[in-house]
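So the chains spell out like this:
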Amino acid sequence: MDPRESEFVDRLGLVMERLGGTRTMGRLYAWLMICDPPHQSLTDLAAQLSVSKTAISTVARQLEAVAMIERVPTSSREHHYQVVHGGWEHVMRVQLAAMQPVLETLDFGLSVVGDDRHEQRARLEDTREFFAFTARDLDEFLQRWREYREKPEDDGGVE
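Counting from 1, residues in each chain are numbered in the order their sequence is written. Reporting of local features is limited, given that this is a predicted model, to residues whose pLDDT is at least 70; pairs of side-chain atoms are given and counted only at 80 or more, and all residues count toward the totals for whole chains, interfaces and linings. Hydrogen atoms and water are omitted, and side-chain values are computed over all heavy atoms in the structure.

(A) View of the pairing of strand β3 (residues 80-83). Following DSSP output, two strands are said to pair if at least two bridges run between them. Helical segments are the DSSP runs of H or I of at least four residues, strand segments are the runs of E of at least two, and each set is numbered from the N terminus. Where strand β1 (residues 40-41) and β3 come together, two bridges link them in antiparallel fashion. Paired with S41 across the bridge in β3 is H80. Where strand β2 (residues 69-72) lies against β3, four bridges are found, and the strand directions are antiparallel. In the strand pairing of β3, I69 is matched with V83.

Set out below in structure tokens:
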């Protein structure tokens, strides 16, 4: 890996860490986005990223579980992985699905707090409105993303 690729890998590691993942998760994902060939064995990934094969295996399983990377069939016994097209969209869909239990819990909270508890109701209503807005906006955002991706390349997807 050349120094600029290494910098990219390390930067995405920091970004992923800020998003709640691990630095190794971001570094692994970054390397799989730019490596050649586009699929790599656990041994190769561990060597390129200077991380133990056990750590790479654990992180690869985590990324595979959220459909960001996938295992690739090979003739060898060793697992190979590559980036899944549309992985970030899937992550956003999981986040959207997670909003429903939040809304249901906040609705329950509103049923618990009587109308005479104005401050508490106001906090619950504000929070519920935020999550309802976010869920609606995220759903619309993902729909616009699909439409954008389906546009012919000759217009560059720009409106």
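There's plenty left to go through after this.
(B) Structural context of helix α4 (residues 53-65). One fewer than the residue count of a helix, multiplied by 1.5 Å, yields its expected span. The terminal C-alpha atoms of α4 lie 18 Å apart, and with 13 residues this matches the ideal 18 Å at 1.5 Å per residue to within 8%. Contact definition: two residues touch when any of their heavy atoms are within 4.5 Å. Buried-residue contacts for α4 involve α2 (23-34), α3 (42-49), β2 and β3. A67 lies just past α4 and shows a positive phi near 60°.

(C) The arrangement of the packing of helix α1 (residues 3-18) against α2 in detail. Axis geometry follows a simple rule: fit a line to the C-alpha atoms, using only the stretch in contact for helices, then measure angles between N-to-C directions, giving values from 0 to 180 degrees. Viewed as axis vectors pointing N to C, α1 and α2 meet at an angle of 135°, and their least axial separation amounts to 7 Å. Considering the angle they form, α1 stands oblique to α2. Judged by the sense of rotation from one axis to the other, the crossing of α1 with α2 is right-handed. Here α1 contributes E5, F8, V9, D10, L12, G13, L14, M16 and E17 to the contact with α2, which in turn contributes R23, M25, G26, R27, Y29, A30, W31, M33 and I34. Counted by class, the contact of α1 with α2 contains 11 nonpolar, two polar and five charged residues. Convention used here: angles under 35 degrees read as roughly parallel, angles over 145 as roughly antiparallel, angles from 65 to 115 as roughly perpendicular, and any remaining angle as oblique. Two helices cross in a left-handed way if the nearer one is turned anticlockwise from the farther one by less than a right angle. They cross in a right-handed way if the turn is clockwise. Under the grouping applied here, Gly and all other residues not named as nonpolar or charged are polar, the nonpolar ones being Ala, Val, Leu, Ile, Met, Phe, Trp, Tyr, Cys and Pro and the charged ones Asp, Glu, Lys and Arg.

(D) How the structure looks around the packing of aromatic side chains. Ring pairs are drawn from Phe, Tyr and Trp, using the six-membered ring of Trp, whenever the two centres fall within 6.5 Å, and their geometry is named by plane angle: stacked under 30 degrees, edge-to-face over 60, tilted for the rest. Per the stated rule, a full pass over the model turns up three aromatic pairs. Ring centres 6.0 Å apart and planes at 85° place the aromatic pair Y29 and W88 in the edge-to-face group. Here Y29 is found in helix α2, whereas its partner W88 is found in helix α5 (residues 87-112), with 59 residues between them in sequence. According to the relative accessible area criterion, W88 is partly exposed, its value standing at 37%. The interplanar angle of 25° and the centroid separation of 5.7 Å between the aromatic rings of W145 and Y148 together place this pair among those described as stacked. Of this pair, W145 and Y148 both sit in helix α6 (residues 118-150), separated by three residues, roughly a single helical turn. The exposure class assigned to W145 is partly exposed, which follows from its relative accessible area of 32%. For Y148, a relative accessible area of 38% corresponds to the partly exposed category. Exposure is judged per residue with a 1.4 Å probe applied to protein chains only, and the accessible area is read against the type maximum: over 50% gives exposed, under 20% gives buried, and values in between give partly exposed.

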